[in-house]
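This is what each chain is made of:
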Amino acid sequence: MLCRVMAQVSCELVAPKENRPNEGIMFFNIELSPMASPAFEQGRQSELSVKLNRQLERCLRNSKCIDTESLCVVSGKTVWQIRVDVHMLNNDGNLMDASSIAAITALCHFRRPDVGVQGEEVTVYSPEERDPIPLSIYHMPISVSFSFFQQGTYLLVDPCEREERVMDGLLMIAMNKHREICSIQSSGGIMLLKEQVMRCSKIASVKVSEITELISKALLNDKAARKAGGRCGFAESMPQERITALKTDETPVEMKDVTESANDIVQKAEAPPPAVWSPVVPVPGVGQVGQQNTWGLEEEDDDEEDDEEGSEEQKETETKMEEDQHEMEDRGAGDVVEISDSEEEEVVILHPEIPDKANMKSSTSMETGRP
């Protein structure tokens, strides 16, 4: 695995800062996307991203590698703002070195539109009207990282992500090919000696010279490809699959004698049992030929059996209630009779009281006042 970074440079006309009216503005932004590592969160600026932003600003902006005065269009009113966006595609450690290389290469490759000034009016010309203008870059500072193990006993250049987890300290040196140190920073709980720092600076000067030569060759090849009208840059990386970081090799599959193998399997397999489906008529006048859906038939049969058993029990209970009622009428029981002693339900039957005829006659005569 490798650490892959993509850098993009854009520009716009803005008002300058009050304390520096004749200088352009440089802005750096590093985005740690979840595509690079599951540890990165989308839309949230972590401590690592803030640290990388500050280190990149010290490496490129504070080293004065770009002539910011050449970005001034109208003094005190209009200047160019150069924005460098660095996107992490794959995190395999040493993000600072990869970011510095990608950022300085993108700045060397960038061309800003040409402008014309008449009085206070500023005219921005398109690439078809005038050729874009490159930035004024004095030198190319490149960061080189060194990790220390066992309190400085062992030194490692360009640590990977696993090595960064177990290292005791880290030293980052930003240098150009002229062996000028642009920035230096140490992190971790380790004290370095003068001899260790000098040794790291000598190693960094060799690495920076090699990387600078590679960047110059890549820019010349890109320029030649653009003049020839060929594919270059991002368009060239896509067919060669240089952008993909976690590509796996294809698994070979044996495709010989596939037909014969399939016929052998079919012949050795058992024949399915014959089945004849009867036509189903769901609605009068509509016929359906095919497999009948038997889902839920068992449940329906169970429900029908439960209904039949329930109806038989209900009939027995009603018959028993009628017999008890006839017996109670024959005995001349009172008006309230308990028929069932079941714990679940209690059935009460009310019978009307039949008055005696003699008592009816006496009460009627008393009402009419007859003797």
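Just so it is clear, the model here is predicted, and its values are computed rather than measured.

Student: Explanation requested: helix α1 (residues 47-61) in the structure shown.
Tutor: Helix length check: α1 (15 residues) gives 21 Å between terminal C-alpha atoms against 21 Å at 1.5 Å per residue, within 8%. Every buried residue of α1 is accounted for by Ser49, Leu52, Asn53, Gln55, Leu56, Cys59 and Leu60. Buried residues belonging to α1 abut β2 (25-31), β4 (78-90), α2 (95-109), β11 (169-175) and β12 (181-188).

Student: Just to check I follow, could you spell out the sheet that holds strand β9 (residues 142-149) for this structure?
Tutor: Pairing is antiparallel in the open sheet, where four strands are placed in the order β10-β9-β11-β12. In the strand order of this sheet, the two ends are held by β10 (154-157) and β12, each with one partner. The sheet shows a mean angle of 20° between the axes of neighbouring strands, direction not considered. Where β11 meets β12, seven bridges bridge the pair, whose relative direction is antiparallel.

Student: Is there a simple way to think about the packing of aromatic side chains in this case?
Tutor: Describing an aromatic ring pair means giving the distance of the ring centres and the angle of the ring planes. For the coordinates displayed, the defined rule picks out zero aromatic pairs. One cation-aromatic arrangement involves Arg130 over Tyr125; the distance from NZ or CZ to the ring centre is 3.9 Å.

Student: I would appreciate a short explanation of the environment of Ser63 in the present structure.
Tutor: Within the secondary structure, Ser63 sits in the loop between α1 and β3 (72-74). Look at Ser63 and you get buried, because its relative accessible area is 15%. Through-space distance from the C-alpha of Ser63 to that of Cys182 is 5.5 Å; in sequence the pair is 119 residues apart. Here Ser63 is in contact with Arg58, His139, Pro141 and Cys182, once residues within four sequence places are set aside. A distance of 3.1 Å separates a polar atom in the side chain of Ser63 from the backbone oxygen of Leu60.

Student: What am I meant to see in the packing of α1 against α2 here?
Tutor: Two quantities define a packed helix pair, namely the angle between the helix axes and the distance between the axes. Their axes nearest at 10 Å, the elements α1 and α2 cross at an angle of 50°. By the angle between their axes, α1 is oblique relative to α2. The two elements α1 and α2 meet at a crossing, and its hand is right-handed. Contacts between α1 and α2 involve Leu48, Leu52, Gln55, Leu56, Cys59 and Leu60 from the former and Leu95, Met96, Ser99, Ser100, Ala103, Ile104 and Leu107 from the latter.

Student: How should the pattern of salt bridges be read in this particular structure?
Tutor: Side chains that differ in charge, positive against negative, can pair when their charged atoms come close. All told, the structure shown has seven salt bridges when counted by the stated rule. Its salt-bridge partner being Arg61, residue Glu57 comes within 3.1 Å of it at the nearest N-O pair. Taken as a pair, Glu57 and Arg61 lie in helix α1 at a separation of four residues, close to a single helical turn. Residue Glu57 is classed as partly exposed on the basis of its relative accessible area of 21%. Judged by its relative accessible area of 32%, Arg61 falls in the partly exposed class. Here Arg130 and Asp114 are joined by a salt bridge, their closest N and O atoms 3.3 Å apart. Of this pair, Arg130 sits in the loop between β7 (121-124) and β8 (133-134) while Asp114 sits in the loop between β5 (111-112) and β6 (115-118), and the two are 16 residues apart along the sequence. For Asp114, a relative accessible area of 16% puts it in the buried group.

Student: Is there a simple way to explain the pairing of β11 in this structure?
Tutor: Remember that side chains alternate between the two faces of the sheet whenever the strand is regular. With respect to burial, β11 is a largely interior element, seven of its seven residues being buried. On β11, burial covers both faces: Gly169, Leu171, Ile173 and Met175 on one face and Leu170, Met172 and Ala174 on the other are all buried. By the bridge criterion, seven bridges tie β9 to β11 in an arrangement that is antiparallel. In the sheet register, Val144 faces β11, and the bridge partner there is Ile173.

Rules used throughout
- Residues numbered from 1 in each chain as written.
- Predicted model: local features only at pLDDT ≥ 70, side-chain atom pairs only at ≥ 80, totals over all residues.
- Heavy atoms only, no water.
- Helix = DSSP H or I, 4+ residues; strand = E, 2+ residues; numbered from the N terminus.
- Expected span 1.5 Å × (residues − 1).
- Buried < 20%, exposed > 50% of the residue type's maximum accessible area, 1.4 Å probe, protein only.
- Contact = heavy atoms within 4.5 Å.
- Pairing = 2+ DSSP bridges.
- Axes fitted to C-alpha atoms, helices over the stretch in contact; angles between N-to-C directions.
- Phe/Tyr/Trp six-rings, centres within 6.5 Å; stacked < 30°, edge-to-face > 60°.
- Lys NZ or Arg CZ within 6 Å of the ring centre and 35° of its normal.
- Polar contact = N/O pair within 3.5 Å; in protein donor to acceptor, adjacent residues only side chain to side chain.
- Parallel < 35°, antiparallel > 145°, perpendicular 65-115°, else oblique.
- Left-handed = near helix turned anticlockwise from the far one by under 90°.
- Salt bridge = Lys/Arg side-chain N within 4 Å of Asp/Glu carboxyl O.

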